[in-house]
Amino acid sequence: FPKIFVLSVADDRFDRVTTVLSSNVDIDSLMDSMTLREKIGQLFVVPAWGTFTNEKNIRHQRLKRIVAEHNVGGIIFMRGEIYPQAVMTNELQDIAPIPLWITQDMEFGAAMRVNGTTRFTPAMGVAATGNPSLAYLAGKVTAREAKALGVHQIFGPVLDVNNNPRNPVINVRSYSADPLTVSKFGQFFIDGVESEGIMAPAKHFPGHGDTDTDSHLSLPSISHNYDRLESLELVPFRFTINNGLRSVMSAHIAYPNISENVGRPSTLDESILNRILVDSLKFDGLIVTDGLEMSGITDHYSPGEAVILSLLAGADMMLISPDELTAIADVEKAVEIGRLSEERINRSVRKMLTLKKERGLFEHSRVDIDALNTQLNTPDYQAIADRIARNSVTILKNDGNILPLTDSKFPKIFVLSVADDRSGNTGSTLAREIQRYHTDVTHYTLDRRSGRQEKEKILEEARKADLVIIGSFIMVRSHQSLQLPQDQRDIVRQVLNLRSPSVLIAFGNPYVVQDLPNVNSHILAWSSDFNQVKQTVPALFGASEVRGRLPANIPGMYNIGDGLDFKQTALRFDDPVAVGVSQDSLLHIDMIMQHAIDDSVFPGGVVGVVKDGAMIWNEGYGYHDYTKTKKVQHSDIYDLASLTKVISTTTSIMKLVDEKKIKLNDPVSKYIREFNTPDKKDITIQHLLLHTSGLPAFKVYVDKLKTRGEILHAVRNEPLEAKPGEKYVYSDLGFILLAEVVEEVTGQRIDQYVRNQLYYPMGMSSSFFNPRNVGGWISNRVPPTEIDLLYERGTVRAYAHDERAYFMGGVAGHAGLFSNAKDLAIYSQMLLNGGTYAGRSYLSPETINTFISRQSPINHRGYGFDRKSEGFSSAGTLTGVNTFGHLGFTGTSIWIDPDENVAIILLTNRTYPSREFGRRISEIRAKISNAVMNSIISE
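Residues numbered from 1 in each chain as written. Predicted model: local features only at pLDDT ≥ 70, side-chain atom pairs only at ≥ 80, totals over all residues. Heavy atoms only, no water.

K.L.:
Got a minute to help me understand the overall build of the protein in this structure?
P.N.:
Each helix and strand in the protein was counted, giving 33 helices and 29 strands. Considering only C-alpha atoms, the protein reaches an extent of 120 × 75 × 50 Å along its principal axes. Here the protein holds 939 residues, and 62% of them are scored as buried. Long-range contacts, defined here as pairs at least 24 residues apart, represent 73% of the contacts in the protein between residues at least 6 apart. When the accessible surface of the protein is split by element, carbon and sulfur atoms take 48% of a total near 35300 Å². For the protein, the centre of its 99 positive side-chain charges and the centre of its 110 negative side-chain charges are spaced 5 Å apart. (Helix = DSSP H or I, 4+ residues; strand = E, 2+ residues; numbered from the N terminus. Buried < 20%, exposed > 50% of the residue type's maximum accessible area, 1.4 Å probe, protein only. Contact = heavy atoms within 4.5 Å. Areas by Shrake-Rupley, 256 points an atom, 1.4 Å probe, with all protein chains shown as cover. Lys, Arg positive; Asp, Glu negative; His and termini not counted. Charge placed at Lys NZ, Arg CZ, Asp CG, Glu CD.)

K.L.:
Looking at this structure, I do not really get the packing of helix α13 (residues 303-313) against helix α14 (residues 324-336). What am I missing?
P.N.:
If you want to describe how two helices pack, look at the angle between their axes and the distance between the axes. Contact geometry for α13 and α14: axes closest at 8 Å, N-to-C directions at 55°. It follows from the interaxial angle that α13 and α14 lie oblique. For α13 against α14, the interelement crossing comes out right-handed. Within the contact between the two elements, α13 uses Pro303, Gly304, Val307, Ile308 and Leu311 and α14 uses Ala327, Asp330, Val331 and Ala334. (Axes fitted to C-alpha atoms, helices over the stretch in contact; angles between N-to-C directions. Parallel < 35°, antiparallel > 145°, perpendicular 65-115°, else oblique. Left-handed = near helix turned anticlockwise from the far one by under 90°.)

K.L.:
Where do I start with the packing of aromatic side chains in this structure?
P.N.:
Counted by the stated rule, this structure contains twelve aromatic pairs. Consider the rings of Tyr799 and Tyr806, whose centres lie 5.2 Å apart with planes at 45°: the pair is tilted. The buried category is assigned to Tyr799, whose relative accessible area is 12%. Between Tyr806 and Phe807, the aromatic rings sit 4.9 Å apart at their centres with planes inclined by 80°, giving edge-to-face as the arrangement. Using a relative accessible area of 28% as the deciding quantity, one classes Tyr806 as partly exposed. Here the aromatic residues Tyr791, Tyr799, Tyr806 and Phe807 are joined through ring pairs into a cluster of three or more. It is Lys680 that lies over the ring of Phe675; its NZ or CZ is 4.6 Å from the centre. In this structure, Lys706 packs its charged tip against the face of Phe807, placed 5.6 Å from the ring centre. (Phe/Tyr/Trp six-rings, centres within 6.5 Å; stacked < 30°, edge-to-face > 60°. Lys NZ or Arg CZ within 6 Å of the ring centre and 35° of its normal.)

K.L.:
Got a minute to help me understand the pairing of strand β17 (residues 604-611) in this structure?
P.N.:
Consecutive side chains of a regular strand alternate in pointing toward one face of the sheet and then the other. Within β17, eight of the eight residues are buried, which leaves it mostly tucked inside the rest of the structure. Burial along β17 is two-sided: Gly604, Val606, Gly608 and Val610 and Gly605, Val607, Val609 and Lys611, pointing in opposite directions, are all buried. Bridge analysis of β17 against strand β18 (residues 614-622) gives eight bridges, and the strand direction is antiparallel. Residue pairing across strands places Val610 opposite Met615, the latter belonging to β18. Linking two consecutive strands that pair antiparallel, namely β17 and β18, is a turn of two residues; a positive phi of about 50° is found at Asp612 within it. Strand direction decides the pairing type here: β17 and strand β29 (residues 902-908), joined by seven bridges, are antiparallel. From the neighbouring strand, Val609 faces β29, where its bridge partner is Ile904. (Pairing = 2+ DSSP bridges.)

K.L.:
Teacher, can you tell me more about the nonpolar core here?
P.N.:
Soluble globular proteins tend to pack their nonpolar side chains together in the buried interior. Ranked by internal contacts, the top residues of the largest apolar core, which has 112 residues, are Ile469 and Leu540. With near-sequence residues (within four places) excluded, Ile469 lies in contact with Leu405, Ile413, Phe414, Val415, Leu416, Ile434, Val503, Ile505 and Leu540. Counting 97 residues, the second largest nonpolar core, distinct from the first, contains Leu100, Val114, Val248 and Ala334. (Core = buried A, V, L, I, M, F, W, Y, C linked by side-chain atoms within 4.5 Å.)

K.L.:
Would you mind showing me how to read the environment of Trp617 here?
P.N.:
Considering the arrangement of structural elements, one finds Trp617 in strand β18. Sequence separation between Trp617 and Leu586 is 31 residues; the distance between their C-alpha atoms is 8.6 Å. Dropping the residues within four chain positions of it, Trp617 is found in contact with Pro576, Leu586, Leu587, Ile589, Asp590, Val607, Gly608 and Val609. Polar contacts involving the side chain of Trp617 include one to the side chain of Tyr621, which spans 3.1 Å. (Polar contact = N/O pair within 3.5 Å; in protein donor to acceptor, adjacent residues only side chain to side chain.)

Printed below as a string of structure tokens:
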């Protein structure tokens, strides 16, 4: 068919079917077919709410009518939900004579208006990162989600220079009080948005930063002259216009010393839009009004007059007129009487239609609803948002070096969330996240509901605390002050007067620090969003690097560029994608564990994974036992068996070596007199660590000897099976003796020593010898390890499975330690950090390197630590040659690959109900290691 003729039959005068079928719409022909009133309608963008709306809802009916019968050019969606907004978009596009131009506010991501999409840190927080490429990524992700939702134009970025700390409406929506910073970050955001074919109008021209009046409520007036405007407010607009800016949104602000129309808002003022924006700055793109329903307009102008003056001033798109039909009629009359020319209308209509053609709306205007679940809030998008939020945290003050926080430094923390709402839930996320890093946290919310009794309770609890954290959730909103309300300020100051060290975290409004200048630490977090809170808390505990810089001045306190640097020295709890690990691939662990449980390798277990300073996997599987009545939780505590050799005994020796209290080549006889014999006098500490002392693997002893003293006496006097250094025999006896060396040197039994010197200060709150003695709340978290018939112990739970450790009172150098995956992750991170954790040094990097390196010519082991062996290894085939760790007889293991900065932890009770079970545990360990290493995404 060389030539096709299409005849569209419709009951209106718009040949929409033809234009949809045509891939090359002729704008001039389309405009020639339109009446004046239909052209005027194209200039209006009307509001819609993207929430579920019944078909018979009167507001919905009116919206459909104005779209279908009055030819409005576009929609601005206010708040919405993903699927209802997409459905409504398609419904409205289907009835629109000409495809609709869909717009939405998305300054800090699509989530600014659409629940369930990706939310980003507000602009000032993005600038605090010091990394403009993050602004680009935020813009790009926002645009991708906008495109998936059928949105063509997002209203952002804000290019206002927020140089007025009392500004009630811009605040953190601005990148900075420095115009060059605003220019740079704004341009990167625009580039990110435009790279996806979405339009990003810069707002609010000529600048809304230096006002203490909210234009939503009244008309601000700024008295600056043009020279001042040129040197500050116009800088970002000029910069982005010179770089190809395609759209600008006007501000409802009067500039009496610049305008020829004194008292007129910029949106309606040709002195501002035509003379400055178009003529001086040479802008020829789309000019959008800010919302014409705002009081800065409606208090002074009728709906029609506001639109007429906007058109005369140079604006093209009329956003949210309070009465579109009246305004359309008034504009039509203005043309008829010669106040406006039809050519002026045509100029703006042509811009609108051309944009629609460029974006392909005449070919395809509907949302692909089936694709939404793969295109919005993806793990990759969330990882970008997390990174920005984490990097935005800015610490301005750390008097007394109270940061980073630890359990040992501040055993009891009191968190007070100060909110300007009445929900009662504000701050709950803050408390919950702090509890992930600290064991004793009390939380109260001080909000508009708080009465006298609650305030008294707040003071009572604060008196018990070693540290007070104030979370300020005083937000930037219309109708309210930026500062703490007086009654709340009084209570907070009473809390601070109790003289406990204190931290203030400003979630959303940085200027609130002026209300509480005397706290020890000021931290800026830019937003009260759940994700921002989650990514801020790690900074308190040294679990994330902090390099944020203040982008604005806080008068009398801080200047642009202020900020303290902190290295990450503690473990962060995060998602796999945050550190370049494939979550989908990591899910193979679920299958491996489930198959093992189904095959009765063990009744249940926990897998923990650490990568690049973050614990990205901590999952429980199966049950405590085969009755399957108690599910394994990720926090459950397992008998580590021989992991005790490294987590407790080896680490204690490392610390004593660091402190020069012992030497690796010290003879054991220096500490244990029974070794001062001809055959044992040459045995050194390193022989015991390498299992080359000549001692046997173990002796039963406990068939006859059932006290700690008897067993120790037997071990101390056990004959050698070989000369020192000649033979490798993996020996429990050597590590029993090493624990005795620790006690001899320190005066503390090893359980007390590691608890005081390592576990407690590092926050390893679930690591114990003899957990049954700690309390029932701990015992209930410990799965059983065996039903012991040989030694008649019955069900072995919460006391040492190893019989020698058991009869030694549960404390020994070779077994007896219990812990969970979180604590072992903390321990692993300390080693990967080179011996530091949460800002405190525990071991030197040199000592760690010595102990984890191969140290014997007759085996592949390090000092105390096992290393990945050649051939089959339970560390898998994909971990590196420098991988080190250890195994535990009960079905536990820890493998650390320092080259990949990875730790892989497996905790099971494979010896339950008897030692004959769980023989495939080595295979499972290897499979899990391979699954983890396979999940690491190569750069």
